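Below are the chains, spelled out letter by letter.
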Amino acid sequence: MLVVEAKFDGEQLATDPVDHTDQPEFATELAWEIDRKALHQHRLQRTPIKLQCFALDPVSSAKETIGYIVLDLRTAQETKQAPKWYQLLSNKYTKFKAEIQISIALETDTKAPVDSFKAKGAPPRDGKVPASLYGLDPKDIVAVLNEEGGYHQIGPAEYCTDSFIMSVTIAFATQLEQLIPCTMKLPERQPEFFFYYSLLGNDVTNEPFNDLINPNFEPERASVRIRSSLEILRIYLALQSKLQIHLCCGDHSLGSTEVPLTGLLKKGSTEINQRPVTVEGAFILDPPNRAKQKLAPVPMELAPTVGVSVALQREGIEAQSLIELKTQNEHELQHSKKQVLTPIKEKILTGPKSPSMSPVPPQNLSPPTKDDATGSEVESLQYDKDTKPNPKAITSVPASVAQAVGQAVTASHASETASGQKIAVPATSHHFCFSIDLRSIHDLEVGFPINCILRYSYPFFGSAAPIMTNPPVEVRKNMEVFLPQSYCAFDFATLPHQLQDTFLRIPLLVELWHKDKMSKDLLLGIARIQLSNVLSSEKTRFLGSSGEQCWRQTYSESVPFIAAQGSNNRIIDLSYTVTLEDYGLVKMREILVSDSSQGLSAVQQKPSSLPPAPCPSEVQTEPRETLEYKAALELEMWKEMQEDIFENQLRQKELAHMQALAEEWKKRDRERESLVKKKVAEYTVLEGKLQKTLIDLEKREQQLVLAESEVQRERKELKSERERNLQELQDSIRRAKEDCVHQVELERLKMRQLEEDKHRLQQQLNDAENKYKILEKEFHQFKDQQSNKPEIRLQSEINLLTLEKVELERKLESATKSKLHYKQQWGRALKELARLKQREQESQMARLKKQQEELEQMRLRYLAAEEKDTVKTERQELLDIRNELNRLRQQEQKQYQDSREIASGKMDSPRGNALEEGLDDYLTRLIEERDTLMRTGVYNHEDRIISELDRQIREVLAKNNASN
């Protein structure tokens with residue numbers, strides 16, 4: 001038997017055993033149920049699916065490995081794919097190329113939980129399709145992203161007539177430290193926690209936070225635009241009835257909760273037409289696998305909770321689209337430029353953040369209307385998550401519009417000074433300038449010319465807006481084309497380790513688009529540029545604009561564009577150059593606007609306002625009135641003021657550090673207090689369990705005492721019963737022994753009696769034998785006397801002659817009858833033989849006429865066969881005659897011996913009479929056999945067997961006469 005075992009996600013499944021043949025057919029589907037986040041993590045970690053094929057012995061249940069297959073989870077798609085043949089690795093049958101046909105696919109599980117008494121495949125009642133939507137399968141109602149329209153379509157296009165906005169807000173969280181198990185080891189660095197959920201197939205996370213006891217994160221709202229109808233949306237929410245929210249630390253889920261969505265659109269309710277409908281509240285977070293971990297229940301006041309609000313509303317005429325990025329007017333463009341220096345903290349707004357807040361390039365670099373939509377706000381939230389260093393951003397603009405951006409920077413400084421806004425940047429942040437130059441594309445592999453542009457976006461640099469080359473260029477085979485307006489530089493501030501970590505984790509994806517006026521734009525391929533390569537290149541030193549020492553790293557390479565659809569074939573190669581310039585630590589006065597910096601700038605500008613030095617020809621003045629003295633005095637005063645400022649800054653830093661230490665101490669104290677409370681609660685629960693266990697143990701001890709007494713009583717009863725049975729057994733053995741002794745005595749008496757009877761009978765037998773011998777002797781004497789009398793001899797001869805006469809008469813009559821009978825049979829046989837010969841000759845002549853050449857040989861074979869049969873027949877007859885002669889010879893020898901015994905006269909009178917009767921029978925039988933052979937007509941008196949029979953008859957007659 002053959003069986004295939006598959007292992008994935010810690011769960012092992014196996015097929016049913018099938019016969020071990022050359023082409024076994026398993027026809028088995030193995031399925032694992034997994035959520036989207038876990039699937040995403042498995043794909044990132046490249047978790048394999050291992051299939052092992054075993055040969056199973058049905059008698060001994062022993063398994064022998066035949067081979068294995070390793071499947072890549074990333075090849076599984078939601079669209080149905082044709083099965084493929086996979087070759088077995090470490091194949092046991094090395095002479096054969098063993099393969100297994102496998103199809104791997106992803107299926108969206110849309111089944112809602114049903115009661116146990118319902119059929120497994122029955123959908124929930126709320127998911128039934130109304131009569132107006134007859135013919136629509138609820139399983140076909142899924143959310144599909146429409147990139148051109150910038151919305152998610154739920155249901156068929158002909159039913160999608162209304163627009164909705166669905167938003168999810170995570171407001172607060174409490175008691176999150178209860179979710180940290182005692183056995184879990186957090187990272188040594190400051191761990192980051194965040195909430196994760198999936199909204200219409202899009203992964204959404206909030207801004208990470210570090211404190212679980214007092215989670216300090218700003219409420220964030222993620223919104224998506226939906227195009228559907230009220231009934232279809234109600235069916236979809238009935239199928240996707242719950243929104244699962246996870247609290248994560250890195251790749252681990254610490255706890256999760258489920259927010260019911262069925263209350264948004266109740267059956268028959270029209271509330272959404274007047275106002276937004278919401279589901280909100282504080283939901284308890286449960287740790288994963290609570291049942292498996294056997295965790296103690298947590299009191300309600302200590303239960304970890306998260307505040308979530310889910311809202312659904314119709315999109316009004318005045319409402320701005322939440323996921324479209326359309327062409328902006330001049331005012332919006334200026335507004336977006338003013339926000340370049342503002343940190344990306346739009347998640348704190350009460351309304352949803354529009355992607356229009358990101359900087360966009362000017363009109364000459366703007367993409368066509370097809371590429372206006374950059375994705376939903378959910379995607380922008382993901383960008384914000386990935387681009388945590390964005391609050392330190394300084395600028396993010398293409399080099400071709402550097403002048404316009406410079407004006408925006410000036411305006412931004414003015415607005416910040418006037419409004420008193422401050423941008424806090426850590427002192428360890430560096431000022432970086434990263435430039436990308438997409439130089440040329442070459443080595444085209446497709447068979448047609450393309451009219452292409454390149455497009456990319458990297459939100460870490462401070463802007464999620466796409467950067468594109470313009471205008472499109474035409475590329476043919478064996479050509480290298482240099483790209484116009486392909487250079488772009490980004491200025492930003494971040495920590496070096498964050499820069500390195502981001503470059504290692506997130507590559508730069510460059511899209512290759514084919515532009516055609518007659519059809520839609522087509523995405524041909526994607527190139528992956530690993531930005532971390534520039535960090536390993538050689539550093540060169542240069543001086544900045546202010547004379548400070550700076551470092552520059554440059555890296556050039558060619559990467560291929562891989563086809564976006566179909567097979568992963570190379571389309572074209574891209575040559576690029578990236579440059580990273582490090583200008584050192586960020587100067588706080590450029591970003592942080594404070595009174596001390598203003599005073600410092602005023603002091604720095606003060607020496608420049610001094611009057612010019614007098615000419616040497618003027619009258620000598622007092623030393624204290626000279627410019628040198630004044631300058632030295634002012635320099636000393638400036639030094640004292642700088643010392644005061646420095647001391648004040650040190651005091652402020654000392655105070656800040658002391659406050660930070662106090663806050664850290666309070667935080668640690670709160671953590672210890674919460675842990676103590678948690679431990680006290682756990683110990684209370686354990687104490688209750690221990691008391692309950694003690695009560696159960698006491699009950700069990702009482703039950704054991706009762707059971708022990710019962711066992712002792714039953715043991716005594718068994719012992720008494722055993723003794724009674726033993727006594728009865730001994731009595732029965734004694735009685736049996738007495739019976740046996742009595743029986744032996746009786747048998748001995750019988751034996752003595754039998755011995756006496758035996759002796760008596762033996763004596764009688766001896767007497768009878770003596771009497772018999774005497775009588776036999778007297779009989780022999782009487783026989784001898786009688787045999788000597790002539791009358792008796794003559795009487796015996798008369799009797800013998802009479803018998804012979806009768807026998808001869810009978811033989812004559814039988815011979816006459818057999819002669820007539822055999823003559824008739826012989827005549828019939830001759831006639832039949834003549835007729836058969838004539839018929840055979842006629843048929844033979846007919847066949848000879850038809851096939852003369854072929855039948856000549858067959859006739860010879862036939863004649864040979866007949867002759868062979870005749871020889872066989874004659875041989876069989878001779879064998880029968882020989883057997884008959886042997887039998888007659890044996891009989892003759894036996895008769896001869898008998899006759900000799902008779903002739904010798906050794907037999908007594910009774911035995912002589914018996915011998916005479918035997919000779920008569922033997923004589924009769926010989927005569928009958930001779931007559932029978934003669935009646936056949938085959939033998940005559942001259943044949944040897946007839947002569948032998950006549951001789952034996954004569955001998956018997958002679959013996960008979962001699963005995964008489």
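Residues numbered from 1 in each chain as written. Predicted model: local features only at pLDDT ≥ 70, side-chain atom pairs only at ≥ 80, totals over all residues. Heavy atoms only, no water.

Looking at an unreviewed UniProt entry, one finds the protein chain named Centrosomal protein of 120 kDa, with Vulpes vulpes as its source organism. Note on the protein chain: under the UniProt heading Subcellular location (unreviewed entry), the record states "Cytoplasm, Cytoskeleton, Microtubule organizing center, Centrosome". In its Sequence similarities (unreviewed entry) section, the UniProt entry covering the protein chain states "Belongs to the CEP120 family." (UniProt positions renumbered as here; feature names shortened; annotations may be inferred.)

## Considerations on the overall build of the protein chain
Counting secondary structure elements, the protein chain contains 13 helices and 28 strands. Within the protein chain, contacts between residues at least 6 apart in sequence are counted, and of these 69% link residues at least 24 apart. With the model as given, the accessible surface of the protein chain reaches about 63,400 Å², and the carbon-plus-sulfur share is 53%. (Helix = DSSP H or I, 4+ residues; strand = E, 2+ residues; numbered from the N terminus. Contact = heavy atoms within 4.5 Å. Areas by Shrake-Rupley, 256 points an atom, 1.4 Å probe, with all protein chains shown as cover.)

## Description of a negative patch on the surface
A cluster of acidic residues, Glu29, Glu33, Glu107 and Asp109, forms a negative patch at the surface. Along the chain, the position of Asp109 falls in the loop between β6 (99-102) and β7 (143-146). (Patch = residues over 30% accessible without salt bridge, like charges linked within 9 Å, V, L, I, M, F, W, Y side chains within 5 Å. Salt bridge = Lys/Arg side-chain N within 4 Å of Asp/Glu carboxyl O. Lys, Arg positive; Asp, Glu negative; His and termini not counted. Charge placed at Lys NZ, Arg CZ, Asp CG, Glu CD.)

## Some words on the pattern of salt bridges
Applying the stated criterion to the full structure yields 35 salt bridges. One salt bridge in this structure joins Glu99 and Lys97, with 3.8 Å as the shortest N-O distance. Residue Arg810 is joined to Glu928 by a salt bridge in which the shortest nitrogen-to-oxygen separation is 3.7 Å. Remark: Glu928 occurs in helix α12 (residues 909-935) and Arg810 occurs in helix α10 (residues 790-850); sequence separation between them is 118 residues. Here Glu928 falls in the partly exposed class, since its relative accessible area comes to 37%. (Buried < 20%, exposed > 50% of the residue type's maximum accessible area, 1.4 Å probe, protein only.)

## A short note on the packing of aromatic side chains
Counting across every chain of the model gives 18 aromatic pairs. Between Phe8 and Trp32, the aromatic rings sit 5.7 Å apart at their centres with planes inclined by 80 degrees, giving edge-to-face as the arrangement. Of this pair, Phe8 sits in strand β1 (residues 2-8) while Trp32 is found in the loop between β2 (11-14) and α1 (36-44), placing the two residues 24 residues apart along the sequence. For Trp32, a relative accessible area of 22% corresponds to the partly exposed category. Between the aromatic rings of Tyr458 and Phe461, the centroid separation amounts to 4.9 Å while the plane-to-plane angle is 40 degrees, which identifies the pairing as tilted. Comparing Tyr458 with Phe461, the two get one shared label, buried. Counting every residue linked through ring pairs, the aromatic cluster contains Phe432, Phe434, Tyr458, Phe460, Phe461, Phe490, Phe492 and Phe503. Cation over ring: Lys63 sits above Phe54, and NZ or CZ is 4.6 Å from the ring centre. (Phe/Tyr/Trp six-rings, centres within 6.5 Å; stacked < 30°, edge-to-face > 60°. Lys NZ or Arg CZ within 6 Å of the ring centre and 35° of its normal.)

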